[in-house]
Amino acid sequence: MHEKIIILDFGSQTTQLIGRRIRELNTYCEIVPYNKFPCGANDIKGVILSGSPYSVYDDKAFRADLAAVRGAYPVLGICYGAQYMAYTSGGNVENANSREYGRTHLARIDMNDPLMKGVHTGSQVWMSHGDTITTLPAPFRVIASTGDVEAAAFHIEGEQTWGVQFHPEVFHTTDGRQILDNFLDICGCKKDWTPASFIELTVAGLKEQLRDDKVILALSGGVDSSVTAVLLNRAIGKNLTCIFVDHGLLRKNEFENVLKDYEHLGLNVIGINAKDKFYKALAGVTDPEQKRKIIGKGFIDVFDEEAHKLKDIKWLGQGTIYPDVIESLSITGTVIKSHHNVGGLPEKMHLKLVEPLRLLFKDEVRKVGMELGMMPHLIKRHPFPGPGLGIRIISDVTPEKVDILQNADDIYITLLREWGLYEDVWQAAAILLPIRSVGVMGDERTYENTVVLRAVTSTDAMTADWAQLPYDFLAKASNEIINKVKGVNRVVYDISSKPPSTIEWE
Ligand code: XMP
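The structure presented is a predicted model; accordingly, all values stated were derived computationally and were not measured.

All right, on to the side chain of D113 then. In this fold, D113 is placed in the loop between β6 (101-109) and β7 (124-128). Once you skip the residues sitting within four places of it in the chain, D113 turns out to touch R141, I143, H155 and W162.

Structure follows, in structure tokens:
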């Protein structure tokens with residue numbers, strides 16, 4: 001097992017970000033709920049306590065028993081994590097008069113403290129709390145202050161324990177990466193967690209776990225399932241069978257192109273054309289969640305039927321990644337849309353689950369894919385929802401509407417690539433509205449469909465900003481779509497961010 005940092009999650013919105021930063025420093029880490037510290041694990045090198053939406057005084061505040069942590073491992077408390085340690089050790093935490101929120105600067109720093117090595121006086125830090133520590137108990141020593149906050153950072157003498165009231169994990173804290181790196185040095189981390197080491201360890205682990213067992217995996221054309229397949233293929237070769245279903249809601253020519261890519265990668269893949277079955281089941285259905293259910297169930301049926309033609313399958317491979325895992329463990333999370341397309345599949349098929357990417361973030365999955373030698377266009381592909389164009393046609397789904405949307409989407413995505421904009425955005429989509437409007441083409445009056453273009457920037461799809469694509473590009477995309485796609489006479493651009501909107505329209 002690899003050495004790791006444990007991040008105790010007290011519910012802050014930036015907990016995941018702490019995890020990402022630690023991984024960027026080539027150190028493996030796991031995020032666990034504040035009250036689920038894995039006592040007794042011998043590969044833990046240090047512990048980070050996250051921030052929290054609560055104040056230490058709140059009735060609902062998350063209170064952790066740190067007896068197994070403090071003194072046993074190096075500890076870094078961030079924001080609430082720091083205040084909680086000060087408060088429970090007899091210090092004072094008060095609601096700040098000047099609620100310090102946002103940017104401020106470190107005015108005094110103890111350069112000799114190992115946590116502050118290489119941090120500059122005057123460097124910007126990001127605060128986001130209504131509380132502040134006003135007095136520290138005896139063994140606590142201030143190691144950095146801002147103009148307003150004396151105990152911006154502290155070290156507990158005689159213990160390998162530190163606290164910072166600002167957020168080193170956010171981009172706006174200029175020396176934040178240095179501080180986290182210093183903490184990893186304090187923990188004695190080797191910092192040798194890389195995509196190559198992940199692949200080596202994972203493939204060895206999969207060989208051990210699966211031995212001569214047979215595994216079946218559903219491929220979607222997306223990054224996660226494709227990387228999962230290549231990893232499993234490395235470990236068990238032909239004992240892996242992949243199934244790629246065309247539900248008729250993929251992008252234009254996607255099924256044929258991706259199937260070729262998979263064959264080129266040496267995967268043992270069965271492609272199934274099930275378009276008609278899905279179109280039939282979706283006829284007349286307009287409710288988004290209903291569509292999702294029908295597509296999910298249709299998928300399970302097709303997959304199950306194929307799997308039964310194979311003999312002795314014991315495992316189901318899945319491309320689950322870390323944000324899905326954290327969401328399911330989350331102490332505060334709420335689910336807005338049901339994104340889990342094939343929940344229920346393992347139970348129905350009586351198979352055990354194997355999920356080799358379940359501890360990776362999306363950008364790490366991409367790095368692993370590159371390291372595995374997969375084609376860049378397969379790795380850098382935008383996320384695409386399981387129900388596909390089914391939830392981008394805002395009304396009932398018909399083959400004719402799919403055809404219109406596939407053509408408009410193809411023009412849009414091809415142009416994004418040609419203009420060098422594809423990789424600047426997290427995700428782009430064309431959406432077909434159930435609204436017709438009047439237009440004029442030549443001498444003729446038209447009464448046709450509206451297509452929405454959407455593009456967002458994001459790091460994890462939890463939040464997203466609408467992408468500020470150049471006007472010239474939008475003009476070109478609009479012209480091409482209206483001129484070339486029969487049935488469309490109007491194109492609009494979506495300028496909503498998430499929240500309060502979502503990325504998809506349904
Ligand atoms: P929203 O629309 O919730 O989307 O902002 C966030 C991310 O999830 C994708 N998405 C889905 N993916 N099945 C999926 O596999 C779904 O039903 C689904 N709905 C949304 C969306 O494309 C975006 O990347």
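On to the packing of aromatic side chains, then. In the structure shown here, the tally under the stated rule is 18 aromatic pairs. Arranged with centres 5.3 Å apart and planes meeting at 80°, the rings of Y54 and F62 form a pair that is edge-to-face. Relative to Y87, the ring of Y57 has its centre 5.1 Å away and its plane inclined at 70°; by these criteria the two rings are edge-to-face. Residue Y57 is found in the loop between β3 (44-49) and β4 (75-78), and its partner Y87 is found in helix α2 (residues 80-88); the two are separated by 30 residues along the sequence. Look at Y57 and you get partly exposed, because its relative accessible area is 41%. Here the aromatic cluster, defined as three or more aromatic residues joined through ring pairs, consists of F10, Y34, Y54, F62, Y80 and Y84. Over the ring of F361 we find R20; its NZ or CZ atom is 5.6 Å from the centre of that ring. The ring centre of Y422 lies 4.0 Å from the NZ or CZ of R417, which sits over that ring.

Right, let's talk about the domain arrangement of the chain for a bit. When cut into domains, the chain gives domain 1 (4-187), domain 2 (195-379) and domain 3 (398-493). Measuring from the centre of the C-alpha atoms in domain 1 to the corresponding centre in domain 3 gives 46 Å.

To continue, consider the pattern of salt bridges. Should their charged atoms come close, side chains of opposite charge can pair. A complete count under the given rule lists 28 salt bridges for this structure. Between R141 and D110 there is a salt bridge, and its shortest N-O distance comes to 2.6 Å. Highlighted residues: R141 in strand β9 (residues 140-146) and D110 in the loop between β6 and β7, separated in sequence by 31 residues. Across the pair R141 and D113 runs a salt bridge whose closest N-O atoms are separated by 3.4 Å. Of the two residues, R141 is situated in strand β9 and D113 in the loop between β6 and β7; the sequence distance between them amounts to 28 residues.

Taken together, the buried positions of helix α11 (residues 362-371) are occupied by K362, E364, V365, V368 and G369. The arc enclosing the buried residues of α11, seen along the axis, measures out at 160°, which places them on a common side. Here the buried face of α11 lies against α1 (15-24), α4 (195-210), α5 (223-236) and α12 (376-379). One or two positions beyond α11, positive phi appears at G373, with a value near 80°.

With respect to burial, strand β1 (residues 4-9) is a largely interior element, six of its six residues being buried. In this structure, β1 lies alongside β3, joined through five bridges in parallel fashion. By the bridge assignment for β3, I5 is matched with G46. Taken together, the six bridges between β1 and strand β2 (residues 28-33) define a ladder with parallel strand orientation. What sits directly across from K4, in β2, is Y28. Handedness of the β-α-β unit built from β1, α1 and β2 comes out right-handed.

It is worth spelling out the sheet that holds strand β13 (residues 240-246) at this point. Strand order across the open sheet formed by five strands is β14-β13-β12-β15-β16, with parallel pairing between neighbours. Only two strands of the sheet have a single partner each, and these edge strands are β14 (269-273) and β16 (352-354). Sheet twist, expressed as the mean angle between neighbouring strand axes with direction ignored, is 30°. Where β13 and β14 come together, five bridges link them in parallel fashion. By the bridge assignment, C242 is partnered in β14 with V269.

Here is what the cut-offs are and how they apply
Residues numbered from 1 in each chain as written. Predicted model: local features only at pLDDT ≥ 70, side-chain atom pairs only at ≥ 80, totals over all residues. Heavy atoms only, no water. Helix = DSSP H or I, 4+ residues; strand = E, 2+ residues; numbered from the N terminus. Contact = heavy atoms within 4.5 Å. Phe/Tyr/Trp six-rings, centres within 6.5 Å; stacked < 30°, edge-to-face > 60°. Buried < 20%, exposed > 50% of the residue type's maximum accessible area, 1.4 Å probe, protein only. Lys NZ or Arg CZ within 6 Å of the ring centre and 35° of its normal. Domains from an automatic or database assignment. Salt bridge = Lys/Arg side-chain N within 4 Å of Asp/Glu carboxyl O. Arc of directions from axis to C-beta. Pairing = 2+ DSSP bridges. Right-handed = clockwise from strand over helix to strand, strands pointing away. Axes fitted to C-alpha atoms, helices over the stretch in contact; angles between N-to-C directions.

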